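One letter stands for each residue in the lines below.
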Amino acid sequence: MIKIKEVFLLIIFFLFNITLYAQTKKKYERKLFFPDLDNYKTLLTDFHQHTVFSDGLVWPTIRVEEAVKDGLDAISLTDHLEYQPFSKDVPNPDRNRVYIVAKDFTDRINKTVDKKLIIINGQEITRSMPPGHINAIFLDDANKLLHPDDSLKGIEEANKQNAFVFWNHPGWPAQRSDGIAKLDDFHRYLIDKNLLHGIEVVNELYYSEEALDIALKHNLTIMGTSDIHGLIDWLFKVPDDNESENKNLPGHRPITMVFAKSKDKKSIKEALFEGRTAVFYNEMLIGKEEYLKPLIEKCLVINNVNNLNLSYSEDGESSIKKIEIENISDAPFFLKNLSDFTFETNSDIITIYPNSKHTIAVRTKGNSLNELKFEVLNGIIAPKKYTKISLIVK
Ligand code: ZN
């Protein structure tokens, strides 16, 4: 028969467990955050955006304010060079003006914010397929890229200015009816001549696994951009500040994380040319394993390890260890356990929400617990391939 005292102890034990395993679900922050790597700063960027200087619907200063709200480090306003539907009202004879207007405003706003924004001069070379739409950023003079009768000349001029050149939305259904990104001879030529350096794997609301495949096979830098024409808040359903929970993922624009030696234009450009990027969009992290693995290992911090103090254990000291994993980033993580350990309250699949702490209890069976190994099911390193991480337990 169970005695009153034992019942009391059991109640205490269950109450303890409820508080132990309750995960704090917090929405991601409006200002996105991802930690730095050991050797690189993690800079948040969006290098494909539009304004009224082509077919966008806002003045460039709005793009600057959106970027500051989102906690970005660098942006480029890449209006269509050759497509100027508002030219009657915005004549735009100087294609550098969108950059100058944004830069002047940013110089002023940077005096009032903690995180300084960098503006990079860029434009979108706008052609039918092939080659389709091509972005060129880090331009000296955008006007020199205007060659309306020759698809190649604008790209060659961008390269003459040492611009970073990337292929936009390669699977865009308006230019590829099946939505599948694939290379034409024109693209192969650009890649062979080193005139094309990157490719969008995420554009606006869309992810292209085929574009990722092209990026990896041809060593093009992996890019993700908003290609925003209207407002970031409306298109990506960014939650209001007073909204308690984020119900509408994505809830944020796609960003390219650039792993740069320092926060300046030169280092960003160098990192882009060396392919040091990863994309965050809609619960996905996409990038080469050499950057994605260390990034995720920095995002997930093991805070404390305790022996579960089970007062009812009859066979001695508990070998069940309680571990708190804190996700300091704005991405969720879907983890699959790869170690031999089993967990008390989870199966092999664990979700760790953005900006939250998750406590797991590990049955160690008396083995030493030095690391936890997981496959990150939303950490995409190639089509249908996911990065594996190891979290060191101290
Ligand atoms: Zn565009």
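Described in the following lines is the structure provided in the data block. (Residues numbered from 1 in each chain as written. Predicted model: local features only at pLDDT ≥ 70, side-chain atom pairs only at ≥ 80, totals over all residues. Heavy atoms only, no water.)

### Some thoughts on the layout of surface pockets
Thought 1: One number sums up the size of the largest pocket: a volume of about 350 Å³.
Thought 2: Taken together, 21 residues make up the lining of the largest pocket; nearest its centre are His169, Trp172, Pro173, Asn203 and Tyr206.
Thought 3: Secondary-structure elements contributing two or more residues to the lining of the largest pocket are strand S8 (198-203) and strand S9 (206-207).
Thought 4: A total of 3 residues in the lining of the largest pocket trace back to one element, the largest contributor, which is S8.
Thought 5: For the lining of the largest pocket, a count of residues per class yields 6 nonpolar, 10 polar and 5 charged. (1 Å grid on protein atoms, 1.4 Å probe; cavity = no way out; pocket = protein on both sides within 12 Å on 5 of 7 lines; lining within 4 Å. Points joined across faces, edges and corners; volume = space filled by probe spheres on them. Helix = DSSP H or I, 4+ residues; strand = E, 2+ residues; numbered from the N terminus. Nonpolar A, V, L, I, M, F, W, Y, C, P; charged D, E, K, R; others polar.)

### With respect to the pairing of strand S12 (residues 277-281)
Thought 1: Of all 5 residues that make up S12, 5 are buried, and the element is covered over most of its length.
Thought 2: As paired strands, S12 and strand S13 (residues 284-287) are joined by 4 bridges and run antiparallel to one another. Looking at the pairing, Ala278 lines up with Gly287 of S13.
Thought 3: Taken together, S12 and the strand that follows it, S13, pair antiparallel across an intervening segment of 2 residues, in which Asn282 is found at a positive phi of about 50°. (Buried < 20%, exposed > 50% of the residue type's maximum accessible area, 1.4 Å probe, protein only. Pairing = 2+ DSSP bridges.)

### What to know about the packing of aromatic side chains
Thought 1: Across all of its chains, the model carries 6 aromatic pairs by this definition.
Thought 2: With a centroid separation of 5.1 Å and 65° between ring planes, the pair formed by Phe34 and Phe280 is classed as edge-to-face. Of this pair, Phe34 sits in the loop between helix H1 (4-21) and strand S1 (41-46) while Phe280 sits in strand S12, and the two are 246 residues apart along the sequence. With respect to burial, Phe34 and Phe280 carry one shared label: buried.
Thought 3: Centre to centre, the rings of Phe343 and Phe374 are 6.5 Å apart; their planes meet at 35°, and the pair counts as tilted. Taken as a pair, Phe343 in strand S17 (residues 342-343) and Phe374 in strand S20 (residues 371-382) lie far apart in primary sequence, 31 residues in all.
Thought 4: A relative accessible area of 5% means that Phe343 is categorised as buried.
Thought 5: For Phe374, a relative accessible area of 0% puts it in the buried group.
Thought 6: Cluster of aromatic residues (ring-pair linked, three or more members): Phe164, Phe166 and Phe273. (Phe/Tyr/Trp six-rings, centres within 6.5 Å; stacked < 30°, edge-to-face > 60°.)

### A closer look at the coordination of the zinc ion
Thought 1: Listed as protein donors to the zinc ion are His48 (NE2), His50 (NE2), Glu124 (OE) and Asp227 (OD); their distances from the metal cover 1.9 to 2.6 Å.
Thought 2: One way to put it: the 4 donor atoms around the zinc ion meet at angles of 78 to 165°, and that makes the site irregular.
Thought 3: Taken in chain order, the donor set of the zinc ion reads H-x1-H-x73-E-x102-D. Neither residue differs from the other here; His48 and His50 are each classed as buried. (Donors = N, O, S within 2.8 Å, 3.2 Å for Na, K, Ca; no water. Tetrahedral: all angles 85-135°; square planar, octahedral: opposite > 155°, others 65-115°.)

### Re helix H5 (residues 185-192)
Thought 1: Among the residues making up H5, those that are buried are His187, Leu190 and Ile191. Projection of H5 onto a plane perpendicular to its axis shows the buried side chains occupying an angular sector of 95°, all on one side. Summarising the geometry of H5, the exposed residues directed more than 90 degrees from the buried face are Asp185 and Asp192.
Thought 2: Those residues of H5 hidden inside the fold are in contact with helix H4 (151-160) and strand S7 (164-167).
Thought 3: Immediately beyond the C-terminal end of H5, within one or two residues, lies Asn194, with a positive phi of roughly 60°. (Arc of directions from axis to C-beta. Contact = heavy atoms within 4.5 Å.)

### Considerations on the pattern of salt bridges
Thought 1: For the structure on display, the rule yields 20 salt bridges.
Thought 2: The shortest N-O distance in the salt bridge between Asp70 and Arg30 comes to 2.6 Å. One end of the pair, Asp70, is in the loop between helix H2 (60-69) and strand S2 (74-76); the other, Arg30, is in the loop between H1 and S1, with 40 residues separating them in the sequence.
Thought 3: Accessibility expressed as a relative area gives 4% for Asp70, which makes it buried.
Thought 4: Residue Arg30 is classed as buried on the basis of its relative accessible area, which comes to 17%.
Thought 5: Ionic pairing is found between Glu297 and Lys293, a salt bridge with its closest N-O pair at 3.1 Å. (Salt bridge = Lys/Arg side-chain N within 4 Å of Asp/Glu carboxyl O.)

### What to know about the environment of Ile155
Thought 1: Along the chain, the position of Ile155 falls in helix H4.
Thought 2: Through-space distance from the C-alpha of Ile155 to that of Leu145 is 7.2 Å; in sequence the pair is 10 residues apart.
Thought 3: Discounting chain neighbours no more than four positions away, the residues touching Ile155 are Ile125, Pro131, Ile134, Val165, Phe186, Leu190 and Leu195.

### Details of the pairing of strand S10 (residues 221-225)
For a regular strand, side-chain orientation follows a simple rule: the groups alternate between the two sheet faces.
Thought 1: By the criterion of burial, S10 is predominantly enclosed, with 5 of the 5 residues buried.
Thought 2: Residue alternation in S10 divides its side chains into two sets, Thr221, Met223 and Thr225 and Ile222 and Gly224, and both sets are buried.
Thought 3: When S8 meets S10, the two strands line up parallel, connected through 5 bridges. Within S10, the position partnered with Ile199 by the bridge is Ile222.

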